[in-house]
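Below, each chain spelled out in residue letters.
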Amino acid sequence: MKLSFIILSLVSGLAFSAPPRELSFYVVSPVEGKAPVIDGSLNEPAWEKAAVFRHYYIYNCAEPIPEKLKTEFRMLYDEKGIYLGIINFEEHPEKLRKIITDFDNSAIWTDDCAEIFFDARANGISYHCFKVNCIGTRADFRRRDAAVYQNDWSGTDWTARTSTGKDRWTIEAFFPWSDLPAKAEVSDIWMFCHVRYAYSGGNFAGATSSVLGGYSSPRNFGYIYFKGANDTVSPEKISALLSRSAEEPWCAMAGNTLILRDKGKSVLTEPGQVKNNEFAEIEKLSAELARACGKSAFKKYREELDAINRECRVLEKEKTTISGLRRLYVLKERCRALKWKIALEESLN
């Protein structure tokens, strides 16, 4: 019941050996013209050319459910290093938690802040982590392997500035190659993750750019690709790039194309078609259940059926995503479970 890929495999012709994990992927473009000035504003022309990443998920949640903390990032690079811009949309900026003011304070995660992870080797083991809270306080460390965390390590030249507006707080940061384990070249692929910590709602809330990505789970980081000035990145190319290092089976969205990969084989399909197929099956099951619930003995199940139909109507209006397909599959399984429950009661009475 957990994943929709039984249905996806029927549509695509690709049978998965295990449930695939959902990968995030982002194309880092080279700076065009003048590099951004690190002042926390993101108003330089260079940022207008950068792609925007908005696909965040609930932090530390096994089900890749979209996070309600609206967040986005942009990334660029040049001969000097990596430029990162993050917008944290915020309904109550006056309630941001901003206690930590000293560099490298391990408690910085208890403020509204960002944790930024770069794995230049794309091995899901080692990484460099940079932290910035909403008032620009910084911290950093690196992980060498699963057992060795070097909390006393500090980058020497990276910098970050923040700003707060009426509906957001923003980070603009620069990471020189000297503070990273390697210099990225054109066509390199790294692993990356951005985690947001938020407290303005009164309780902790977290968002991550990759499903289950974070401090202790670098194997779940997403991927970034450093493109050249004239590089065209198609779904076919993304599939080939991710197949270099991503552990199979996996799936990823590339624009409007759904990429599925397992056993060394990739399939590109249309998620909208999968969505239509799922809705058709749910509609058929719902009609059968509606007829059954018309009988007095089974009217008690009408409320559950109505709840399923309401959720379907919400999903029908939403943009098609992998998470949405998964939710549709769960609704279909709920219909099937209800159908079998009714059938069992009929057989016993």
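Residues numbered from 1 in each chain as written. Predicted model: local features only at pLDDT ≥ 70, side-chain atom pairs only at ≥ 80, totals over all residues. Heavy atoms only, no water.

1. So, the overall build of the chain
When helices and strands are tallied, the chain shows 6 helices and 17 strands. Dimensions of the chain, computed from the C-alpha atoms along their principal axes, are close to 75 × 45 × 40 Å. Classification of the 349 residues of the chain by burial places 53% in the buried group. At a minimum sequence separation of 6, the contacts of the chain that also span at least 24 residues come to 64%. Computed over 48 positive and 47 negative side-chain charges, the inter-centroid distance for the chain is 5 Å. (Helix = DSSP H or I, 4+ residues; strand = E, 2+ residues; numbered from the N terminus. Buried < 20%, exposed > 50% of the residue type's maximum accessible area, 1.4 Å probe, protein only. Contact = heavy atoms within 4.5 Å. Lys, Arg positive; Asp, Glu negative; His and termini not counted. Charge placed at Lys NZ, Arg CZ, Asp CG, Glu CD.)

2. Here we look at the nonpolar core
The biggest cluster of nonpolar side chains holds 46 residues, and the ones touching the most others in it are M75, F118 and W190. Sequence-distant contacts of F118, defined by excluding residues within four places in its chain, comprise M75, I82, Y127, H128, F130, F175, L180, W190, M191, F192 and I224. Core analysis: the second largest hydrophobic core is formed by 26 residues, F141, F221, L241 and I259 among them. (Core = buried A, V, L, I, M, F, W, Y, C linked by side-chain atoms within 4.5 Å.)

3. Here's the deal with the packing of aromatic side chains
Taken as a whole, this structure holds 30 aromatic pairs when the rule is applied. On the numbers, 5.6 Å between centres and 15 degrees between planes, the contact of W158 with F175 is stacked. Residue W158 is found in the loop between β9 (149–150) and β10 (159–164), and its partner F175 is found in strand β11 (residues 168–176); the two are separated by 17 residues along the sequence. Judged by its relative accessible area of 3%, W158 is buried. Relative accessible area serves as the criterion here: at 0%, F175 is assigned to the buried category. Measuring from ring centre to ring centre gives 5.2 Å for W190 and F226, while their planes differ by 70 degrees; the resulting arrangement is edge-to-face. Within this pair, whereas W190 is found in strand β12 (residues 189–198), its partner F226 is found in strand β14 (residues 222–226), the two being separated by 36 residues in sequence. Given the relative accessible area of 2%, W190 is considered buried. Here F226 falls in the buried class, since its relative accessible area comes to 0%. (Phe/Tyr/Trp six-rings, centres within 6.5 Å; stacked < 30°, edge-to-face > 60°.)

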